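# Results of the structural survey
Below are the chains, spelled out letter by letter.
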Amino acid sequence: QFPFGRRLPCDIYWHGVSFHDNYIFSGQVNKFPGMTEMVRKVTLSRAVRTMQDLFPIEYNFYPRSWILPEELPLFVTEVRMMKESDPSWKPTFIVKPDGGCQGDGIYLIKDPGDIRLAGGLQSRPAVVQEYICKPLLVDKLKFDIRLYVLLKSLEPLEIYIAKDGLSRFCTEPYQEPTLKNLHQVFMHLTNYSLNIHSGNFIHSDNANTGSKRTFSSILCRLSSRGADVKKVWSDIISLVIKTIIALTPELKVYYQSDIPAGKPGPTCFQILGFDILLMKNLKPMLLEVNANPSMRIEHEQELSPGVFENVPSPVDEEVKVAVIRDTLRLVDPQKKKRKDTQALTSPSAAEARQPGFAAGMKDKQHKHHSLKLSLKLKFYLKPGLSQTSEHVPETRDELLDAGPAGGLEYESSRHAEAGLPSLCLKQVFPKYAKQFSYLRLVDRVAALFIRFLGVKGTTKLGPTGFRTFIRNCKLSNSSFSMASVDILYIDITRRWNSMGIDHKESGMCLQAFVEAFFCLAQKKYKALPLHEQVASLIDFCEYHLAALDEKRLLGGRG
């Protein structure tokens, strides 16, 4: 550990909080710039909503959401209209503060008028969502799923999902929300950090019992009841890929700002925690994404009043050690060197070489348990030693092999390093890229945005850059003059800036540019559905920019 940073370069930097924990110029770092901002509740809701506008059916795994305070009047109006059109509709809503974590500040309401305005929503924005009233229950308890997802690369996009996850249970039997039970957090909120304080919380060494279990144990139980668990996994894989596709456009803007193309800099990877709820009909719903999922493998136990002891948690250990061990195996900087060496040496000589890398760790939040986990990893990374997660039946491999609807199979990854268990992380992208590539429209819009940013390191587009984009793509004409272009830029930029979106820089942020682009697409291609309008305008812009690049290239040669 290097709490104050390290001067000598490392192959891998393991940061505790964000990309900016330490100033680094080479190697690999376990955080992407901008990820913490992107998975905040407001930003995630905006990113998913953009995709819902384009592909409403494909993105119906995220509850209907409104962003507070700016959409409070819209929320009140829409709820009133829905109730008038369907008097039998008696919804419940859940309010989640934007920067909250571990259940902090979350509460349920029945009426928009019950939103707590005390303390000022202006200072702490929030998201209000339709509450999922009919979750799948196990032992009469509501639970959610924490799945670990490795984003190994942004360009090209590379995503892995862990074969197993955690199921975190409420500690009071579930009942559908009523005015009487709305405030019973142990019944409605699955957050571990809340339920740990319940007198009904059960710590168990068995993966099949207790208030925290492995996800595979839930799947085995569902399978025994005749449920189609392969379809459950297929739907979860689709949910994860689609969510990351929604996040990548803005992540690329952050990335080019911190690590400009053509300059030396680190590459990034990141373990994300996806919180998913299964509905009664087994449809997975996305609750949230965590940029810094807890990797603790022990829990606190009170020995006497005020005296606590850290006790190992076998369920956490089973899942989390495998995730970190295999993340390190996948990003191992020596892997390519070993492959090159093995091609030139005999097998016995190659086997004699042990993988080695230096890792710089800077952890502002969890120094104690990170150190414990690193000691555990030393044990689990030794060849020839077994690991608890490998004792779970191989059905998990078979389940993940189902993949998204289409029946494609995973590569087995059975060629893992001698003596180590097979990888618990399975690639889902680009493995299934063909099935999801049509969704990546906003990625292409972001590429246009980045092209016209001009100054390297910036994340906002100035008026000159926007006008250049319009001119180069030949989007202005007699019915859409450059004066109209300026008005469009000013109106949309002013509105987004009034929402409190990053005032560090002036100009048009990516979300504002996407809105302007959608507006231009609707003007130009009136008769088409929105996703076809946007795709047509992207093709139009890319065609003219390619022609311009070719003309400049020929001019340069001349």
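Heads up: these notes are all about the structure in this document. Every value quoted in this text rests on a predicted model; they were computed, and no experiment measured them. All chains use their own residue numbering, which begins from 1 and follows the written sequence. In keeping with the predicted nature of the model, local features appear solely for residues at pLDDT of at least 70, side-chain atom pairs appear and are counted solely at 80 or more, and the whole-chain, interface and lining totals rest on all residues. The basis for every side-chain value is the complete set of heavy atoms in the structure, and neither hydrogens nor water enter the calculation.

Another point: the side chain of S198. With respect to the helices, strands and loops of the structure, S198 is situated in the loop between α5 (192–195) and β11 (212–214). Within the structure, S198 has its side chain in polar contact with the backbone nitrogen of N200 (distance 3.0 Å). Contact between two residues is taken to exist if any of their heavy atoms lie within 4.5 Å; hydrogens are not considered. Leave out the neighbours within four places in its chain, and S198 touches T171 and F186. By the criteria applied, helices consist of DSSP H or I runs no shorter than four residues and strands consist of E runs no shorter than two, each listed in order from the N terminus. N or O atoms within 3.5 Å of each other form a polar contact, as long as, within protein, one can give a hydrogen and the other can take it, and as long as residues adjacent in sequence are counted only when both atoms are side-chain atoms.

This brings us to the nonpolar core. Formed by 105 residues in total, the largest nonpolar core has its most connected members in F274, F466, F469, F513, F517 and V534. Ranked by the residues each element gives to this core, the list is headed by helix α7 (residues 229–258), at 14 residues. Residue contributions to this core reach at least three from each of two domains, namely domain 1 (12–57 + 135–300 + 311–333) and domain 3 (440–552). The residues contacting V534, other than those within four sequence positions of it, are L54, L441, V445, F517, F518 and A521. The next biggest cluster of nonpolar side chains, apart from the first, holds 21 residues, and it includes Y148, M295, V319 and C424. Think of a nonpolar core as a cluster: buried Ala, Val, Leu, Ile, Met, Phe, Trp, Tyr and Cys residues, connected wherever their side-chain atoms sit within 4.5 Å. Think of it in three bands: with a 1.4 Å probe and only protein chains considered, a residue is buried below 20% of the maximum accessible area for its type, exposed above 50%, and partly exposed in between. The domain limits used here are those given by an automatic or database domain assignment.

Moving on, we get to the pairing of strand β13 (residues 270–278). Counted residue by residue, β13 has nine buried out of nine residues, so it is predominantly covered. Neither face of β13 is open: one carries Q270, L272, F274, I276 and L278, the other I271, G273, D275 and L277, and all of them are buried. The sheet contact formed by strand β8 (residues 141–153) and β13 spans seven bridges and is antiparallel. Bridge pairing in β13 links R146 to D275. Any two strands with at least two DSSP bridges between them are considered paired. Note that β13 and strand β14 (residues 284–290) share six bridges and pair antiparallel. Along β14, the bridge assignment pairs G273 with N290. In textbook terms, the turn of a hairpin is the stretch between consecutive antiparallel strands, and for β13 and β14 this stretch comprises five residues, one of which, L282, has a positive phi near 75°.

Assignment of secondary structure puts T92 in the loop between α3 (72–85) and β4 (93–97). Assessed through its relative accessible area of 1%, T92 is described here as buried. In this structure the side chain of T92 is engaged in a polar contact, spanning 2.9 Å, whose partner is the side chain of K110. If sequence neighbours within four positions are ignored, T92 has contacts with L108, I109, K110, Q129, E130, Y131, C133, P177 and L182.

We now examine the environment of H544. Looking at where H544 falls in the secondary structure, it is placed in helix α18 (residues 530–557). Counting along the chain gives 72 residues from H544 to N472, while the straight-line C-alpha distance between them is 7.1 Å. In this structure, H544 is in contact with N472, C473 and K474, ignoring residues within four places of it in sequence.

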